[in-house]
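# Notes for the structure review
The primary structure of each chain is shown beneath.
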Amino acid sequence: MADILRVSGLITQLRNGARIVDNISFSIQNGETYALLGESGCGKSMTALSLLRLLPDGVMHAGGTAQLEGVELFGLREREMRTVRGGTAAMIFQEPGLSLNPVMTVGEQIAEVLELHQGMQGKASQQRCVELLDQVGIPDAARRVTEYPMQLSGGMKQRVMIAMALAGQPKLLVADEPTTALDVTTQAQVLRLLRDTQSGSGMSLLLITHDLGVVAEMAHQAGVMYAGQIVEQASRAQLLSQPLHPYTQKLFAALPSAARIGQPLAAIPGSVPPLGSITQGCRFTARCDKAWSLCSEQTPQWTVVAEGQGVRCHLYEGQDARGKRQGMEAKVQEYHVASKSDLNFEPGSPLLQVSDLRVHFPIRKGILQHVVGQVKAVDGVSLQIPQGSTLALVGESGCGKTTLGKALLRLIPPTAGSVQFTGRELVGANIREQHAAMQMVFQDPYASLNPKMRVAEILEEGMAALNIESNSAARQAHIDILLDQVGLTRNSKWRYPHEFSGGQRQRIAIARALAVSPQLLICDEPTSALDVSVQAQILNLLKKLQQELNLSYLFITHNLAVVEYLAHEVCVMYLGRIVERGTAEEVLRSPKHPYTQALLSAVPRIDGQGVERIRLEGDLPSPANPPPGCHFAPRCSHAMEQCRAAYPPAMTYSVTHRVHCFLN
Amino acid sequence: MSFMPVMLWSDALVFLLLAAGTASALYVRQREHLMLPWQRVAQSATAMVSLLVLSLFLLIGLLDTLHYRIALPEKNGGETVYSPEVLSVFDKLVTPLRTQTEKTYSAPLAVTLYAKESISDAHGNIAREYPRLRYGGAHLTDMQLQDSDVCWRWVTGMLAGMLVGLLITLGSKRWLAQRGWPLRPLLIATLIISALIGMTINLAVVYHVLGTDKVGQDVLYLSLKSIRTGLIIGTVTTLVTLPLALLLGIAAGYLRGWVDDVIQYIYTVLSSIPSVLLIAAAVLMMQVTIDTHPQWFDNSASRADLRLVFLCLILGVTSWTGLCRLLRGETLKLREMEYIQAAQSFGVSSLRILTRHIMPNVMHIVLISLVMDFSGLVLAEAVLSYVGVGVDPSMISFGTMINAARMEMGREPMVWWALASAFGFMLVLVLAANLFADAVRDAFDPRLNRTEAVA
Amino acid sequence: MIAYIIRRLLYAVPILIGVNLLTFALFFVVNTPDDMARMQLGIKRVTPEAIEKWKQQRGYDKPLFRNGAANGTDKFRDTIFWQKSASMFVLDFGYSDDGRSIGHEIATRMGPSLAIALPTFLVGLVVYVSFALLMTLFRATALDMAGVALCVLLMSVSGLFYIIGGQFVVSKLWHLVPISGYSGGIGSFKFVVLPIVIGVIGSVGSSSRWYRTIFLEEIGKDYVRTARAKGLSELRVLFRHVLKNAMIPILTGVVVVIPLLFMGSLLTESFFGIPGLGSYTIDAINAQDFSVVRAMVFLGSLLYIVGLILTDISYTMVDPRVRLQ
């Protein structure tokens, strides 16, 4: 098969000469998907933008060639290049919400491409717009064509982006993290759409992602990027069965899953080096446990190890690569040995007991802003968390899980219901006790630390507010202990948040919560803003702290892999209500609610052979106007008459396992 | 004592500002992360050159702020009597400029008046000719020598100035280099400025460098005196704007509810009145109050000064709304930040959250808007004084200079020098302020510092 | 959407009441009418009789809020507040110190004011936006830098300089147009052209820079990258995508001043002898005619509030996000 795209020696740099993309070569065959895999800041998006010559101001192409269908892209004039963009090669981006023009209708935006690359205008163009929207699975396309992006959900917007890309009938589609901003079920829809389109039109796909699961599901070939370089290149099968580069191996090992319960994740220490900071030696040296002196002295050469698989690592250079590889395989195997720990968790006495908690927000309308309805963000949730255990609250964005967490801390006042902590009612009670009892770790470590305060001041704030450790020497000593606990050096307390990486910031945020010795930590997606390798560090830390301090966690997440690794019990939330609850084993191994089943099957698996796909149609309905009966009924393939009539009562499967569904 | 220090209201406010400025500078110096944006400012050549120019203006303004009254030779029953005239240290330094007044208009560097007059010579013949000036070029015996004398003084003054400039640059070179400040632009600017100063001084001792005005006052002196007025309008106003905007803005944004409603109402009402009209109305009413209470003031200087202070107050009251709205918006964004929620979850009080979390994180907006507003206020003074609602007509300012000079627009040939020097000085001051403000904004605005986070 | 506009209109009422109370306090409470009479009459002629006469002539001889001497509703209507302040709500501005109807003056002077202000506004908008678009198109090049430097220089020059300098060069040196004056109809062209040109130049620096900032902010957004990825030319990206989105922040600053155009410009009108509302205001300030100043303050804030409402309405036209909420 012929190559559609052949990139060689691509270099992209900042004005000051720091290389963001450093000497990258790869090629994509007709009709195939090439995945560029890497963590944030490794230069993968810049690679894609370089190819289409869409680099932002201040970043420029500094060397290398790229041939698209034999045409040298960097030799084209700007005017010629414009016929390539959107024509031969189209691109879609990470944030569909921001990538569409908010003041133009969907139809207008697609018609622009049709006019430019297909010469279509007027009726024909309008006709084609509807066809395209239909093709990407947007229901009621004729109406949608006249709508504005704000009227569409996130998944729909990404479909529109894809329709827009397809309008020019491209031979190559560059997809830059196309599903990262989407929920897991929507991600499954979009990935499937991409795959179907590809098989229908025979175009090639350059897929940029940080998600190993997406690579496993989509790619024919993959390149692993680290700090501006491709460190390993292989076919999907090769990459999944025998990753060669220590970095790739670590990435696999850092993925949390049920198989690794009871043992710490293989976290990669440190974080990705800043751009252009390393010019000599292997860029992974500082974080690699197989590094030796040569690694920091000499830049490793590209070594082809097997047919179609190459690696940039001294381990495979010169010597008998085959023998070396065998050794590696043995090591790789190590990671797959699962030591099954007991998933059958014995619930102790509840530390936190929530019953029938409701958080409603009024909807105001009209001239006098009177209340016309309620957004039932949390609608009658009951749960309990025993001492020393982890309850995972799982659901997609907009299901009310974060609101629930904040309502427990009274950051949002609950509308009704009761929250009992160690048997004492907290709703309406003296709040002071509650502050020390429960604390929160927030999602975004960049937004959760005040940039104008030193670490010591950040950690001290809670103690001061709650009068813990009244004298300052004791407080300083406590701060030192806290920093030890979360694995930061003691002198970091005199520094400011901007001097720390994302993972370190999250450690500070955990230390801040621990400063007032809470018994329960509410962790709101604490790792979703972090790279996989750093996520593993934080998960390990949380697990260690739980064992040391007998902490309880309410772990709010959308990431089911994390749930498998960390949680004892799981609650699945849909549109303000808990639809299924049980031990991790029960919910994840034998899900009963169709929504839980769909959620589980939507997660891309690295083993490639996922369960039978349950496709979920449509989007999450608005909590302001939930469907009658079972909220999930309109999207459920098993929905029956009675589902639309009444909300199903709890069905008990075991002492711990309960499901709100008429099916059984 | 041969003099008595006088502290006018505006002087007190200037010293208050100076103290506040010094205190915050010391505070910032100890905190590395607060120093960081200032270091970015210091890297910028335009910013540092503008700062150099601004500090010269500031120096003149400060010298002009140290006021005193001299003792009169006669005594009143053993008690020293002080002159009602309030002078400043700056006046003392440039005494010749202040006291050597001519009869009326004379052009820059002229030796004669601007208009012919009838002069009777020793024989009683009346001739119409340009009379010699009393002071300007009085040392010249022959008027023909004027050109060569001017040139000579120009060149020697420039050379002397450059020599001094050179000594300064050589002395400060290492000090500048250590800090990594832009060396060459600063040194060149120092050389040019000191050459200019040397030149001016050397000429000003015997000529009216920028001519004289209708009553024969030296225009250079008037221009230099105007600097203080401009600086006070530009800075003292912030004493009113800053607390109002900061407190009300962040309180409205953070507390929401009825507090927000009330504050929003107040600033919508205030900003709905076109500002020139509101200022005009307020100044007119102030005028009435001052005129009907002459007993409040013991001399004309303190009356003019109080009017200046009131003008700053009025400008402040009418101009805080913009900054307040900006701060409210920013606070609305900040209060949703997770670190604020973290503090709330510890039960930290609202007051503490406002002072510890919100205030430090909006200070860059306050700073940017203050430096950006400065030049606008200096320009506004001129317009308001022209309209008749600015400073007291007896107070020397760019506005009163322009207003007085404008009357002579119709004259043939035109008297251009007073207008030109007022506009010229104002342009240099405002341009320097604008360039410096730009550099400050570039350094402090987080949105403009995105290039570091590229890729 | 209609509910939205009605709500905005209702919101304007308390604002106007606030403005009215504020100006009333400023003009009648800070200084009593006696003080004003004293100042107007001058120190020499002040006698209690003269003050009373002055007050009577102008209708200031009534109590501020409540007239105990009157009957029924006149208790409140026969007061300074009712007659001087509250009456403004029905656009009854009363009489100036020289006895002319202020309402009539306003009606006749709006025309000349608009003849200057409207063309200045429209030409200015086109010039500033074009200049800003040009700088945006050549962003981060020497041309852009020079443009910004020019803007900073232009905005550092006093507005008075543009007027005085313009009059001197164009009228006095070149004798192209009369220095000042005004006549109605088509003949007014020679009088208005210089004020308009100067008005446009006067704010070219600050306005163009402001628009440039807005355009640069928009051009950094993701949808612009999408537009480029479609293969659109830079000009088309700028005009079809960026300009359309930038309209939203631009409207905030622009629409609100449209009603205020009726008020004219204080400086321009007084320098060029245009018999508009601006010069009317300046004359009133110089003559310390409080009735006129008060009327202009109220009129100004009324027009500003109309501007705010127009801004809101214009949003619904350019921004579907507002329209559809």
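Just so it is clear, the structure is predicted and the values come from calculations on it, not from any experiment.

To continue, consider the environment of Ser533 of chain A. Residues and elements named next belong to chain A. Note on placement: Ser533 falls in helix 19 (residues 532–549). Note on Ser533: relative accessible area 0%, which makes it buried. Remark: the alpha-carbon pair of Ser533 and Tyr247, spanning 286 residues in sequence, is separated by 9.6 Å. A distance of 2.6 Å separates the side chain of Ser533 from the side chain of Glu39, its partner in a polar contact.

Now for the domain arrangement of chain A. All names here are of chain A. Split into domains, chain A comes out as domain 1 (99–169), domain 2 (246–328), domain 3 (345–437 + 518–660) and domain 4 (444–511). Between domain 3 and domain 4, the C-alpha centre-to-centre distance is 29 Å. Around 1100 Å² of area is buried between domain 3 and domain 4 when both sides are counted, 67% of it from carbon and sulfur atoms. Connecting domain 3 to domain 4 are zero salt bridges.

Glancing now at the environment of Val283 of chain B. Residues and elements named next belong to chain B. Secondary-structure assignment places Val283 in helix 10 (residues 275–292). A relative accessible area of 2% means that Val283 is categorised as buried. Once the C-alpha coordinates of Val283 and Leu56 are considered, the two residues, 227 residues apart in sequence, prove to be 31 Å apart. The residues contacting Val283, other than those within four sequence positions of it, are Arg307, Leu311, Ile314 and Val389.

Here we take up helix 5 (residues 122–135) of chain A. In a regular helix each residue adds 1.5 Å, so 14 residues correspond to 20 Å; helix 5 of chain A covers 20 Å between its end C-alpha atoms and thus fits that length. Count one or two residues on from helix 5 of chain A and you reach Gly137 of chain A, which has phi positive near 80 degrees.

This next bit is on the interface of chain A and chain B. On the chain B side, the residues contacting the 31 residues of chain A number 21 residues. Counting each side, the surface lost to burial between chain A and chain B is near 2400 Å², with a carbon and sulfur contribution of 60%. Here chain A is connected to chain B by zero salt bridges. Here the side of chain A that touches chain B is composed, by residue class, of 17 nonpolar, seven polar and seven charged.

Moving on, we get to the layout of surface pockets. All names here are of chain B. By volume, the second largest pocket amounts to about 1300 Å³. Looking at the second largest pocket, it is lined by 33 residues, and the ones nearest its centre are Leu196, Ile197, Thr200, Leu220 and Leu224. Taken together, the elements giving at least two residues each to the lining of the second largest pocket come down to helix 3 (45–63), helix 4 (89–93), helix 5 (95–99), helix 6 (146–179), helix 7 (183–204), helix 8 (219–255) and helix 15 (417–444). Here the lining of the second largest pocket gets nine residues from one element, more than from any other, and that element is helix 7.

Now for unusual backbone geometry. Residues and elements named next belong to chain A. The phi dihedral of Asp140 falls on the positive side, at around 60 degrees, and the residue is not glycine. Mapped onto the fold, Asp140 is located in the loop between helix 5 and helix 6 (141–144). For Asp140, a relative accessible area of 45% translates into the label partly exposed.

Let us now look at the interface of chain C and chain B. Contacts between the two partners involve 49 residues from chain C and, on the opposite side, 47 residues from chain B. Looking only at chain C, the three residues that lose the most surface to chain B are Ser156, Ile164 and Ile285 of chain C, adding up to 13% of its buried area. The interface formed by chain C and chain B contains one salt bridge. When the shortest N-O distance is used, the salt bridge between Asp438 of chain B and Arg209 of chain C registers 2.6 Å. Along the contact surface separating chain C from chain B lie five residue pairs in polar contact (both at pLDDT 80 or more). Secondary-structure elements contributing two or more residues to the side of chain C that touches chain B are helix 1 (2–29), helix 2 (33–41), helix 7 (142–155), helix 8 (159–173), helix 10 (204–219), helix 13 (266–272), helix 14 (277–287) and helix 15 (290–318) of chain C.

So, on to the confidence of the model for chain A. Taken over all residues, the pLDDT of chain A has a mean of 86, while the share at 70 or more is 92%. Between residues 320–346 of chain A, whose pLDDT stays under 50, and residues either more than four places distant or in other chains, the model counts 36 contacts.

It is worth spelling out the pattern of salt bridges at this point. Residue and element names in this part refer to chain A. Overall, the coordinates contain 47 salt bridges over all chains when judged by the stated rule. Two residues, Lys44 and Glu177, come together in a salt bridge whose shortest N-O distance is 3.4 Å. On the criterion of sequence distance, the pair formed by Lys44 in helix 1 (residues 44–51) and Glu177 in the loop between strand 7 (172–176) and helix 8 (184–201) is long-range, its members being 133 residues apart. Neither residue differs from the other here; Lys44 and Glu177 are each classed as buried. Taking the shortest distance from any N to any O, the salt bridge between Glu525 and Lys401 comes out at 3.6 Å. Residue Glu525 is located in the loop between strand 19 (520–524) and helix 19, and its partner Lys401 is located in helix 14 (residues 401–408); the two are separated by 124 residues in the primary sequence.

Definitions and limits used
- Residues numbered from 1 in each chain as written.
- Chains lettered and ligands numbered in written order.
- Predicted model: local features only at pLDDT ≥ 70, side-chain atom pairs only at ≥ 80, totals over all residues.
- Heavy atoms only, no water.
- Helix = DSSP H or I, 4+ residues; strand = E, 2+ residues; numbered from the N terminus.
- Buried < 20%, exposed > 50% of the residue type's maximum accessible area, 1.4 Å probe, protein only.
- Polar contact = N/O pair within 3.5 Å; in protein donor to acceptor, adjacent residues only side chain to side chain.
- Domains from an automatic or database assignment.
- Buried area = accessible area lost by both parts, 1.4 Å probe.
- Salt bridge = Lys/Arg side-chain N within 4 Å of Asp/Glu carboxyl O.
- Contact = heavy atoms within 4.5 Å.
- Expected span 1.5 Å × (residues − 1).
- Nonpolar A, V, L, I, M, F, W, Y, C, P; charged D, E, K, R; others polar.
- 1 Å grid on protein atoms, 1.4 Å probe; cavity = no way out; pocket = protein on both sides within 12 Å on 5 of 7 lines; lining within 4 Å.
- Points joined across faces, edges and corners; volume = space filled by probe spheres on them.
- pLDDT = per-residue confidence, 0-100.

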